[in-house]
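# Coordinate analysis (summary)
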Amino acid sequence: MEYVIIIAALVVVAVVIGGVLLVRPRRGRPRPPVEGPPERAGGATAVDEAGAPTVERAPPVEVPPQRPTVEIEKPPPGAGRLVRLRARLARSQNTFGKTLLGLLSRDTLDEDAWEEIEDTLISADMGTAVARQVTDDLRTRVQVLGTRTPDEVRGLLKEELLKQIGPDLDRSLRTETAGDRPAVMMVVGVNGTGKTTTCGKLGRVLVGDGKTVLLGAADTFRAAAADQLETWGSRVGARVVRKDEGADPASVAFDAVKQGIDTKVNVVIVDTAGRLHTKTGLMDELGKVKRVVEKQATVDEVLLVLDATTGQNGMQQARVFAEVVNITGVVLTKLDGTAKGGIVVQVQRELGVPVKLVGLGEGPDDLAPFEPEAFVDAILGD
Ligand SMILES: Nc1nc2c(ncn2[C@@H]2O[C@H](COP(=O)(O)OP(=O)(O)OP(=O)(O)O)[C@@H](O)[C@H]2O)c(=O)[nH]1
Ligand SMILES: [Mg+2]
């Protein structure tokens, strides 16, 4: 009997020890390091018999604040950019300037030569009326001058072109904050003219000038448009306010300006979707975006982005946009790809609004404040 009791006791001890050994390693085993968000940690959620989650879950994991994946850049300031980009401008406008200088330097300027001069001005998109006026002015002055040295011809032409471009127009961007409110800019135009690119480049110009910038992605037609803006913004540390695709663009613009006020940035730039000037509904929508923004801040600049390569079509667009939203400045893009720099003159005449910025390439810093003299110098060469 004693023998049986001893065996039973040994079995009990063995079972207890076995149980302890089985349980301890589980408790004591270090958990594998948890990676990823807490919801995913520990794999499938443990449940109790009743199917309810057990309390034993992976502890919440501190997610480190997101570090910017790109270096914040410090772009060059706006001033003097056109001079720096002059070579690009000279390349595209070269034929225009060279042809005019060549014609005006001829020993005898007959009727054909003057006609050619006028045609050259027209082919640069200066507009027929302006081209005629410039030709007539030049003709009078050349007669007075008699013989012409190359320097005199260049000087004459420079003066005439500058006069048409309007060297005294106020081309400054209104970027001053009003009290605690940021300056607000809207960027508008037909499809593909370079609006989003201009918002990004302009943000860089302003950051380069020491301002803080917020970008509003009010092009809600395509999510890609907001992504595009985010890429631009992240490079210079500018926050982007966006909403889902299909959201009301006016509400995005409103929120962008609100956040701009709350976070005390200097300038809010609102990108808008490209729209054909002939689509009344879309043009009305643009008017609404502006009105909604104006509920909390003045819209200081409405920049119309025109593709310099589109010629007369551009003028048509400009007129309609100017009717719907009060344009305060023109951005002429893609001037690097056309010899039709005369559009500067035409668009200013037509709208009574100055060209404030020019796009001279696809690079991030290929946007320059427009400077008439540097522009004419680039056209005529040194
Ligand atoms: N060469 C050159 N290309 C430019 C310039 N500005 C913009 N682009 C190019 O034009 C194309 C269209 O630019 P976006 O900024 O997307 O045009 P968008 O007006 O926003 O287009 P939508 O939003 O679709 O209406 C891009 O490939 C730009 O790189 C410029 O000054 N020169
Ligand atoms: Mg766009």
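Described below are features of the structure shown in this document. Since the structure is predicted, the reported quantities are computational estimates derived from the model, not experimental observations.

Our next topic: the overall build of the chain. Of regular secondary structure, the chain possesses 13 helices and 8 strands. Put simply, the chain has 382 residues, and 46% of those count as buried. Long-range contacts, defined as pairs at least 24 residues apart, comprise 76% of the intrachain contacts of the chain with a sequence gap of at least 6. Surface exposure of the chain reaches about 20000 Å², of which carbon and sulfur atoms provide 54%.

Bringing the packing of helix H3 (residues 86-104) against helix H4 (residues 111-123) into the picture now. For the pair H3 and H4, the least separation of the axes is 10 Å and the interaxial angle reads 165 degrees. Classified by the angle between their axes, H3 and H4 sit roughly antiparallel to one another. By crossing handedness, the relation of H3 to H4 is classed as left-handed. Counting all contacts with H3, which are made through Phe96, Thr99, Leu100, Leu103 and Leu104, the residues of H4 involved are Ala113, Trp114, Glu116, Ile117, Thr120 and Leu121. A class-by-class count of the residues in the contact of H3 with H4 yields 8 nonpolar, 2 polar and 1 charged.

Okay, the site of ligand 1 next. Neighbouring ligand 1 are 19 residues; Lys195, Thr196, Thr197, Asp336 and Glu362 lie closest to it. Separating an oxygen atom of ligand 1 from a side-chain N or O atom of threonine 196 is a distance of 2.8 Å. Here ligand 1 is seated within the second largest pocket. Ranked by the residues each element gives to the shell around ligand 1, the list is headed by helix H7 (residues 195-208), at 4 residues. When its residues are assigned to classes, the shell around ligand 1 shows 1 nonpolar, 11 polar and 7 charged.

This next bit is on the nonpolar core. What tends to happen in soluble globular proteins is that the nonpolar side chains get buried as a cluster. Grouped together as the largest cluster of nonpolar side chains are 78 residues, with contacts concentrated most on Leu82, Ile117, Leu121, Val188, Leu332, Val358 and Phe375. Residues contacting phenylalanine 375, with those up to four places away along its chain left out, are Leu82, Leu89, Ile165, Leu335, Gly341, Val344 and Phe370. Core analysis: the next-biggest nonpolar cluster, separate from the first, contains 23 residues, Val205, Val207, Leu215 and Val331 among them.

Across the sheet, which stays open at both edges, the 8 strands sit in the order S3-S2-S4-S1-S5-S6-S7-S8 with mixed pairing between neighbours. Edge positions in the sheet fall to strand S3 (239-241) and strand S8 (367-369), since each has one partner strand and no second. Recorded for the sheet is a direction-independent mean angle of 25 degrees between the axes of neighbouring strands. The sheet contacts of helix H8 (residues 223-236) involve strand S2 (213-218), S3 and strand S4 (267-272), and relative to S2 the element is tilted by about 170 degrees. Sheet contacts for helix H12 (residues 343-351): strand S5 (301-307), strand S6 (329-333) and strand S7 (355-359); angle to S6, the most-contacted strand, approximately 155 degrees.

Here the focus is the pattern of salt bridges. One pass over the full model with this rule turns up 27 salt bridges. The salt bridge partner of aspartate 377 is arginine 154, with a shortest N-O separation of 3.4 Å. Of this pair, aspartate 377 sits in helix H13 (residues 372-380) while arginine 154 is found in helix H6 (residues 150-165), placing the two residues 223 residues apart along the sequence. The two residues aspartate 377 and arginine 154 agree in class, both being buried. The salt bridge partner of aspartate 262 is lysine 258, with a shortest N-O separation of 3.0 Å. With aspartate 262 and lysine 258 both in helix H9 (residues 249-262) and 4 residues apart, the pair spans about one turn of that helix. Each of Glu73, Arg81, Arg204, Arg235 and Asp365 takes part in a single network of salt bridges with overlapping partners.

Applying the stated criterion to the full structure yields 2 cavities of 30 Å³ or more. The calculated volume of the largest cavity comes to roughly 50 Å³. Contributing to the lining of the largest cavity are Phe96, Met126, Leu161, Ile165, Gly341, Gly342, Val345, Phe375 and Ile379. Sorting the residues of the lining of the largest cavity by element identifies H6 and H13 as the ones contributing at least two each. Looking at the lining of the largest cavity residue by residue, the classes come out as 7 nonpolar, 2 polar and no charged. Taken as a whole, the second largest cavity spans an internal volume of roughly 40 Å³. For the second largest cavity, the full set of lining residues is Ala217, Asp219, Thr220, Arg222, Ala223, Ala226, Arg242, Lys243, Asp244 and Glu245. Among the residues forming the lining of the second largest cavity, the class breakdown is 3 nonpolar, 1 polar and 6 charged.

Cut-offs applied
- Residues numbered from 1 in each chain as written.
- Chains lettered and ligands numbered in written order.
- Predicted model: local features only at pLDDT ≥ 70, side-chain atom pairs only at ≥ 80, totals over all residues.
- Heavy atoms only, no water.
- Helix = DSSP H or I, 4+ residues; strand = E, 2+ residues; numbered from the N terminus.
- Buried < 20%, exposed > 50% of the residue type's maximum accessible area, 1.4 Å probe, protein only.
- Contact = heavy atoms within 4.5 Å.
- Areas by Shrake-Rupley, 256 points an atom, 1.4 Å probe, with all protein chains shown as cover.
- Axes fitted to C-alpha atoms, helices over the stretch in contact; angles between N-to-C directions.
- Parallel < 35°, antiparallel > 145°, perpendicular 65-115°, else oblique.
- Left-handed = near helix turned anticlockwise from the far one by under 90°.
- Nonpolar A, V, L, I, M, F, W, Y, C, P; charged D, E, K, R; others polar.
- Near = heavy atom within 4 Å.
- Polar contact = N/O pair within 3.5 Å; in protein donor to acceptor, adjacent residues only side chain to side chain.
- 1 Å grid on protein atoms, 1.4 Å probe; cavity = no way out; pocket = protein on both sides within 12 Å on 5 of 7 lines; lining within 4 Å.
- Sits in = over half its atoms within 2 Å of the grid points.
- Core = buried A, V, L, I, M, F, W, Y, C linked by side-chain atoms within 4.5 Å.
- Pairing = 2+ DSSP bridges.
- Salt bridge = Lys/Arg side-chain N within 4 Å of Asp/Glu carboxyl O.
- Points joined across faces, edges and corners; volume = space filled by probe spheres on them.

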